[in-house]
Amino acid sequence: MQNKGIVKLFALLFGLVSIYQLSFTFKANQIDDEAKQAAVAKYDESVADYQDLRTQFEIDYIDSLKTDKIEVDDKLEPIEVYNLGFSQYTYSEVEENAMKLGLDLKGGINAIIQVSVKDILKGLANNSKDPVFNKALDDAEELQKDAQESYLQSFFRAFDAIKGDTKLASPDIFANRDLSDDVKFDMTDDEVKVVLEKKIDESIVSAFEVLRNRIDGFGVSSPNIQRLGNSGRILIELPGAKDKKRVVDIITKTAQLQFWETYKVEELFPYIIQVNQTMVEAAKADEDVEQTEETVADTEEQDDAASVIDDLTGQIESDSTNVADANPLGIQGPGNGPVIGIFLAKDKKKVLEALNAPSNRATMAPEMRYAKFVWGVQVKDSEFAELYAIKGNRDGVPQLSGSVITDARQDYDEISRPAVSMQMNAKGAKIWEEMTKKANQENGNIAIVLDDVVYSAPGVSQAGGISGGNSRISGAFSLTEAVDLANVLRAGKLPASAEIIQADEVGPSLGQEAIDSGMKSFLIALAFVLLWMIFYYGKAGVAADIALLLNILLIFGVLASLGAVLTLPGIAGIVLTIGISVDANVLIFERIREEIAKGKSQKESIKDGFSNALSSILDANITTGLTALILFVFGTGPIKGFATTLIIGILTSLFTAIFITRLLIDWYVNKGGKLDFSTAMTKGLFKNVNIDFLKKRKIAYVISGALILASLGSLFTTGLDQGIDFVGGRTYQVRFEQAVSTEEITSILNDKSVFGSAEVKTIGADNQLKISTKYKVNDNSVEADQEVESKLFEALKPYLPSGMTYTEFQDGSGDAKIGKMLSSKVSPTIADDIKKSSFWAVLGSLVVVFLYILFRFKRWQFSLGAVAAVFHDVLIVLGIFSIAWKFMPFSMEIDQAFIAAILTVIGYSLNDTVVVFDRIREFLNEHTSWEFGKTINTSLNSTLSRTLNTSVTTLVVLLAMFAFGAESLRGLLFALIVGVIVGTYSSMFIATPLMYDTAKKGDAAESLKKKVKEEEEEA
C-alpha cells in the first residue's frame, strides 16, 4: 500500500481529535454525577419531597458552575472545571463541546408547532368579511387534510376555484390601507400572490425569532429550533426540560409587543440604593438574633454546594462576605438614560423579587407606584444585565401595542449605520406622534418590549414628535441586532396563533433506562463481534478488531465534533454499524484466502485480496449509504439520528477496513509474521461447497410466492397496526406499582364517559402499559391536551398508589417513577404527511438503487433482480408484521422507526446482492468458456462464506439489542432481524436467479459476457 505515512498521520489525527472531543462528554457526565451524589447526600429519603429538593439542588449546583466567579489576579473569572494543560474550560464550554443527547436518552420535550397562516392572511386582509375570501380560507383547510403543499398554496388553489370576478387586489381583501405600499388596485392575482408569499414568509420568520428568543432564555442545554421548509411549521427540541406547562406557554402564547415610556436612571436609581440599604440593615439586625432552623439549613446547603465545587475545581473562592453584606443586590453601577441599573445576570431573579417586594414598593413615590421593572436583552456571554423601569398603569395596558405595525425592516441611517425602519397604521401613527412628541420634550425614551424584555429604548430627536407613522430607530446597532429588532417589530403586527401538532414528552428516568439498556446491548454485541473475528480469522481477526474499535471511536468522535444529537435509534445505528462494519474485512479476508488457495505468496495474496475486494466493498457500501441518505432527507427527529450514525458509520468503516486493517496486516507480515486468515476450526470451511442454487430456484420461487401471497392476504384483511405517526392521536406510556390487566384498563378507557375508544398494550414489564386514543384527535389546543391527560389520570386512579396527585402522575412518583413515563401527540394532518413522506422515501430508495446498479453493471437484468429481491423482502417483512402484531408480546406498530427499519433492510439486502453480482461480473470476464449457469453457481458458492459470516455477526448483534435493548426499539429490531434473514435468502435464491432467468433468454447471456469483457479491456 502506497502513502502509508499519510494514512498513519490521518489515523493518528482523527483518533486524537475524537478522543479530545469525547473527553468533554466524559467530563460533563462526571460533573453531572457529582451533582447527583451531592444532592443525594444533602437530602435523605426521609425528607418530605426529597426528589423535588434533589432535582432543584442539582439545578442550582450546575447553575453555580455556570454563573459563579472567582477572584484571579484581582479579577473575577469564571470557574474552570476542566484543565487539559494547554487549555482550560468552564462548565458552559464543556457542556457546549460534549455530545448532545436526544430526547429519548435525556428526557425532555419535543414539539412541532404550526403557525396559523390562516390567521396571518386574515390579518393582512384586515379581517375582511368578503364571502369569497372567507370561503377560500375554509376550503383551504379541507384541502390541507390530503395535500402535501403549504396552506398558502392551498388557499391560492381554493380562491382560484371560486373567485369569479373577485380579485385578490380588491379593496375589500388585500388592497387595503395597511398594504397600500405593496398591493395596488390594478395588480393581477399572480402579482398579489408574490407579495403574499413574501409577507407570510416574513411573519413565519418573526414567529421563529420570537420562539428562538424565548427558548434561549428557557435554560435547557442544547435546545434546537428550526423551520421545516416553507410549511409554517417549526420544530422545537428541549432535551432535559421538565416543566411541561412552562414549555407549552412558551410555545403557544401570542407574542406581546408593546411600546412604553421609560423612567430615567436619576429617577429610580435612588430607589435601588434604598432597597439595597434596607436589605443591609435587615441582615445586621438578624446577626444578634438566633437563626431559625430554616436559615441554618439554607446556610448548610450553600456551604455544601460551595465545598463540592471547590473540590471539583481545586479553586478557592475569595472571601466576599463583606462585599455581599454591603451590596446584597449585587449592584454593578448605575445605568445611563433609560437603563436604571446594571447587575450580575445570575442575580436577575433575586433583584426583581427585592424591588417588587410590597414592603419596599410601599416606600416609592405615589406617581411611581405602577412602575414595572424589566430586563433588557441579555448579551450573549455577558455576565451583566441591564434593568429598565417602564411607566406602567393600573390596568397594565400600554399606550401602543405591536398590532399597529404594518411593516418593519432593517435599514441604514444617514451615516450608513444599521438602523430599523417601521411603519404603523393610521391609529398607531396618531398615538405614536403623541408619544414621541412627549419623549422629545422631556428628553425621554420609549421602550420596545417583547415578552417582558426590552429590545431597544430609543430617544426621540425630532421636535414635535414623529408624524405619519413612519419612523426609523437608529443607534449603536450591529447589523445582526438591527435585523433581529426588525423581526421583533414584525412579530407583533399580526395575530398568528400557534398549535402543537406533534409532541413527545419523555421522562428523565425513562431516558436513563434507555441509556443503560443501550449500553448493555452495545457492549454485548461488541464483545461477540470481537471474539467471532478472532475465532474465524485467527491473528488477522485481531487486526480487524483493532480497526473496528478505532471505527467506533471515530463514529462517536465525529458525532460529537459535528454537534449531532445522539438518540436511541442513533445508538441502534451505531450497534448495527458494528455488525455490518466487519463486512468489509470479511470481504477482504475471504479474497485473501482465495488467493492463498491459488498458491500465491502471502504478500502477493494480501495485495491482490485487498485490490480484488475493493470494488465489492465500494458497491455494497454505496448502496447502503444511498438508502441511509434518503432516510436522512425524509426522516425527522430520532430517525434522522439513526440515518446520521449509519452514514458516518459507513464512511468510517470504509476508512478503517481498507486502510487501518491493511496497515496492521502489512506491519505484522513485514516483521516476519505469518497469517493464515483462518484457524484450525475454520480452515477450509466452505472451500469445497458446490450447491446448485439455480437448480433449486423453482422451489425457492414457490416458497417465496407462498410467503408473498400470505403476506398480501394478511395485509388486505388484517392490515397493519398503524401507530399514531400514521393515523394521528395521543399515546401515553404509564408505569404502575403492580402488574395490571390490559383487558380491565381497556374496558375502563373505552367507556363513553372517558375516551369511548382506546387501545392498550403491555410494553416491556407487566406493570407498564402503552395507551393510545383518538379522543379529540382533531383538537390541537392546549386545553384538549390537558383534558385528555386529566381524564386518563382519573380513569387510572384506582390502579395507582393511594393518594397520588395529578402532578405526581405527570412527573412520575417515587424511585420507581410510577405514573406517566412518556407521551406523544400527532395531529391527523401531520400524520398524513408522515405517511406520504415515508412512502416516497421507500419508493425513492428503490428508484435510486435501480439506477445505481444499472450504472455500475450496465445491464437492466442486474437492476431488475436486485429491485425484485428488495420488493420481495419488504413485502415479507410487512406480511409478518401484519400476521404477528396481534399476539406478539411487544409493540409492532408501524411508525417512523419501522420505516427506518424497512430502508435499512433494503440497504442490507442490496449489500448482499451487489457482492454476488460483483463476483458474477468478475467470473464472466475470467472464465469466458464457462456456461452461464456455471458462472452463476460458482459465484454464489464462492461468496457463501462472506454472506453467512456477515449475516451471522449482524444477526447476533441485532439479537443482543433485541434481548437487552430498550423496549421502544423492539419493533424496529424485530423488523431488522426478519429483514436480515429474508435479505440473505433473497440475494441467493431470488435476485441472482431472476437475473439469470431474464438474461438467458435470447442472446442476453452472451451479450452480457461480451459487455463485461469490453468494459474490462477498456479499463
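Residues numbered from 1 in each chain as written. Predicted model: local features only at pLDDT ≥ 70, side-chain atom pairs only at ≥ 80, totals over all residues. Heavy atoms only, no water.

Right, let's get into the overall build of the protein. Looking only at helices and strands, one finds 33 helices and 25 strands in the protein. The buried share among the 1019 residues of the protein stands at 53%. Considering only contacts in the protein between residues 6 or more positions apart, those separated by 24 or more positions represent 74%. (Helix = DSSP H or I, 4+ residues; strand = E, 2+ residues; numbered from the N terminus. Buried < 20%, exposed > 50% of the residue type's maximum accessible area, 1.4 Å probe, protein only. Contact = heavy atoms within 4.5 Å.)

A surface patch of negative charge is lined by E266, E267, E367 and E442. Mapped onto the elements of the fold, E367 is located in the loop between α14 (358-361) and β12 (371-376). (Patch = residues over 30% accessible without salt bridge, like charges linked within 9 Å, V, L, I, M, F, W, Y side chains within 5 Å. Areas by Shrake-Rupley, 256 points an atom, 1.4 Å probe, with all protein chains shown as cover. Salt bridge = Lys/Arg side-chain N within 4 Å of Asp/Glu carboxyl O. Lys, Arg positive; Asp, Glu negative; His and termini not counted. Charge placed at Lys NZ, Arg CZ, Asp CG, Glu CD.)

The subject of this paragraph is the sheet that holds strand β19 (residues 470-474). Strand order in this open sheet of 3 strands is β15-β16-β19, and the pairing throughout is antiparallel. The open sheet terminates on both sides in strands that have one partner only, identified here as β15 (405-412) and β19. Adjacent strand axes in the sheet meet at a mean angle of 20°, parallel and antiparallel pairs treated alike. As defined by bridge partners, strand β16 (residues 418-424) adjoins β19 across 5 bridges and the pair is classed as antiparallel. Bridge pairing in β19 places Q423 opposite N470. In the packing of helix α15 (residues 426-441) onto the sheet, contacts are made with β16 and β19, and the angle to β16 comes to roughly 120°. (Pairing = 2+ DSSP bridges. Axes fitted to C-alpha atoms, helices over the stretch in contact; angles between N-to-C directions.)

Moving on to the sheet that holds strand β6 (residues 108-115). Taken together, the 8 strands give an open sheet; going across it, the order is β7-β8-β6-β20-β25-β22-β24-β23, and neighbouring strands pair in antiparallel fashion. With partners counted over all chains shown, the strands left at the sheet margins are β7 (224-228) and β23 (758-762), one partner each. On average, each strand axis in the sheet is tilted by 20° relative to the strand beside it, whichever way the strands run. Pairing geometry for β7 and strand β8 (residues 233-239), over 5 bridges, is antiparallel. Across the sheet, N224 pairs through a bridge with E237, a residue of β8. In the packing of helix α24 (residues 742-749) onto the sheet, contacts are made with β23 and β24 (768-773), and the angle to β23 comes to roughly 165°.

Another aspect to go through is the pairing of strand β18 (residues 453-456). Looking at chain direction, β12 and β18 are connected through 2 bridges and run parallel. Looking at the pairing, G376 lines up with V454 of β18. Relative to β18, strand β17 (residues 446-450) runs antiparallel, the two being bridged by 3 bridges. Across the sheet, the residue bridging to V449 is V454, located in β18.

Axes are the key here: two packed helices are described by the angle between their axes and the distance separating the axes. Orientation of helix α28 (residues 860-884) relative to helix α32 (residues 970-999), taken along the N-to-C sense of each, is 145°, at an axis distance of 7 Å. Pair α28 / α32 crosses with right-handed handedness. Residue classes in the contact of α28 with α32 are distributed as 20 nonpolar, 8 polar and 1 charged. (Left-handed = near helix turned anticlockwise from the far one by under 90°. Nonpolar A, V, L, I, M, F, W, Y, C, P; charged D, E, K, R; others polar.)

This part covers the packing of aromatic side chains. According to the stated counting rule, one finds 32 aromatic pairs in the structure shown. Plain terms: the ring middles of W532 and F535 are 5.4 Å apart, the flat faces sit at 45° to each other, and that makes the pair tilted. Of the two residues, W532 and F535 are both situated in helix α17 (residues 508-537); the distance of 3 residues between them amounts to about one turn of the helix. When its relative accessible area of 33% is taken as the criterion, F535 is described as partly exposed. Ring centres 5.8 Å apart and planes at 25° place the aromatic pair W532 and Y536 in the stacked group. Here the residue W532 and the residue Y536 both occupy positions in helix α17, the gap between them amounting to 4 residues, near one helical turn. For the pair W532 and Y536, a shared accessibility class is recorded, and that class is buried. Of note, R662 hangs over the ring of F610, and the distance from its end group to the ring centre comes to 4.9 Å. Across from the ring centre of W667, 5.2 Å away, lies the NZ or CZ of K671, which sits over that ring. (Phe/Tyr/Trp six-rings, centres within 6.5 Å; stacked < 30°, edge-to-face > 60°. Lys NZ or Arg CZ within 6 Å of the ring centre and 35° of its normal.)

Packing of helix α6 (residues 131-144) against helix α7 (residues 151-162) brings their axes to within 8 Å, and their N-to-C directions diverge by 125°. For the element pair α6 / α7, the angle class is oblique. For the pair α6 and α7, the sense of crossing is right-handed. Listed contacts from α7 to V132, F133, K135, A136, L137, D139, A140, E141, L143 and Q144 of α6 are Y151, S154, F155, R157, A158, F159 and I162. Here the contact of α6 with α7 is built from residues that sort into 11 nonpolar, 2 polar and 4 charged. (Parallel < 35°, antiparallel > 145°, perpendicular 65-115°, else oblique.)

What follows deals with the pattern of salt bridges. As enumerated under the stated definition, the model contains 33 salt bridges in all. A salt bridge links D160 to K163, with the shortest nitrogen-to-oxygen separation between them at 3.8 Å. On the basis of relative accessibility, which here comes to 33%, the residue D160 falls in the partly exposed class. Judged by relative accessible area, K163 falls into the partly exposed class, the value being 24%.

What follows covers the environment of A11. Its place among the elements puts A11 in helix α1 (residues 4-42). Sequence separation of A11 and L554 is 543 residues, and the distance between their C-alpha atoms is 9.5 Å.

The next point concerns the environment of A657. Position of A657 relative to the elements: it lies in helix α21 (residues 638-670). Between the C-alpha atom of A657 and that of L548, which follows or precedes it by 109 residues, the distance is 7.8 Å.

All right, on to α6 then. Here α6 is 14 residues long and its end C-alpha atoms lie 20 Å apart, about the 20 Å a rise of 1.5 Å per residue gives. Measuring from the side-chain oxygen of the N-cap residue of α6 to the backbone nitrogen of V132 gives 3.0 Å; that N-cap residue is D130. (Expected span 1.5 Å × (residues − 1). Polar contact = N/O pair within 3.5 Å; in protein donor to acceptor, adjacent residues only side chain to side chain.)

Our focus in this paragraph is α28. Between its first and last C-alpha, α28 extends 36 Å over 25 residues, near the 36 Å set by a 1.5 Å rise per residue. Among the 25 residues of α28, 18 are classified as buried, and the element is accordingly described as predominantly covered.

Time to look at a nonpolar patch on the surface. On the surface, a nonpolar cluster with roughly 1100 Å² of combined accessible area is contributed by L629, F632, V633, F634, F839, W840, L843, V847, L851, L854, W860 and L864. Put simply, the parts of the chain that give the nonpolar patch at least two residues each are α20 (602-634), α27 (828-857) and α28. Broken down by element, the residue count for the nonpolar patch peaks at 6 residues, all from α27. Locating L851 in the fold gives a position in helix α27.

This brings us to the nonpolar core. Counting residues in each nonpolar core, the largest one holds 125 residues, and the members touching the most others are M533, F589, I665, F898 and I906. Per-element accounting of this core gives the leading share, 17 residues, to helix α29 (residues 896-926). If sequence neighbours within four positions are ignored, F589 has contacts with M533, Y537, A540, G541, A544, T661, I665 and F677. (Core = buried A, V, L, I, M, F, W, Y, C linked by side-chain atoms within 4.5 Å.)

Here we come to the side chain of N176. Tracing the chain through its elements places N176 in the loop between α7 and α8 (189-216). A residue is classified by how much of its surface remains accessible, and N176, at 9% relative accessible area, is buried. Polar contacts involving the side chain of N176 include one to the main-chain amide nitrogen of L179, which spans 3.0 Å. Ignoring sequence-local partners within four residues, the contact set of N176 consists of L124, A125, N126 and P171.

Notably, N126 is not glycine yet its phi reads approximately 55°, a positive angle. Structurally, N126 is set in the loop between α5 (117-124) and α6. Of note, the phi angle at N127 is positive, near 50°, even though the residue is not glycine. By the secondary structure assignment, N127 is in the loop between α5 and α6.

Take the confidence of the model for the protein next. The predicted coordinates ought not to be read in detail in places where the model reports low pLDDT. Mean pLDDT over the protein stands at 80; residues scoring 70 or higher make up 86%. Confidence, read as mean pLDDT per element, is least for helix α11 (residues 293-313) in the protein (45) and greatest for helix α22 (residues 697-717) (93). Within the model, the stretch residues 304-323 combines pLDDT values under 50 with 27 contacts to residues more than four positions away or in other chains. Scored below 50 in pLDDT, residues 1014-1019 shows 2 contacts in the model against residues more than four places distant or in partner chains. (pLDDT = per-residue confidence, 0-100.)

Attention now goes to the side chain of K118. With respect to the secondary-structure elements, K118 resides in helix α5. At 3.5 Å, the side chain of K118 forms a polar contact with the side chain of D138. The residues contacting K118, other than those within four sequence positions of it, are L137, D138, E141 and Y151.

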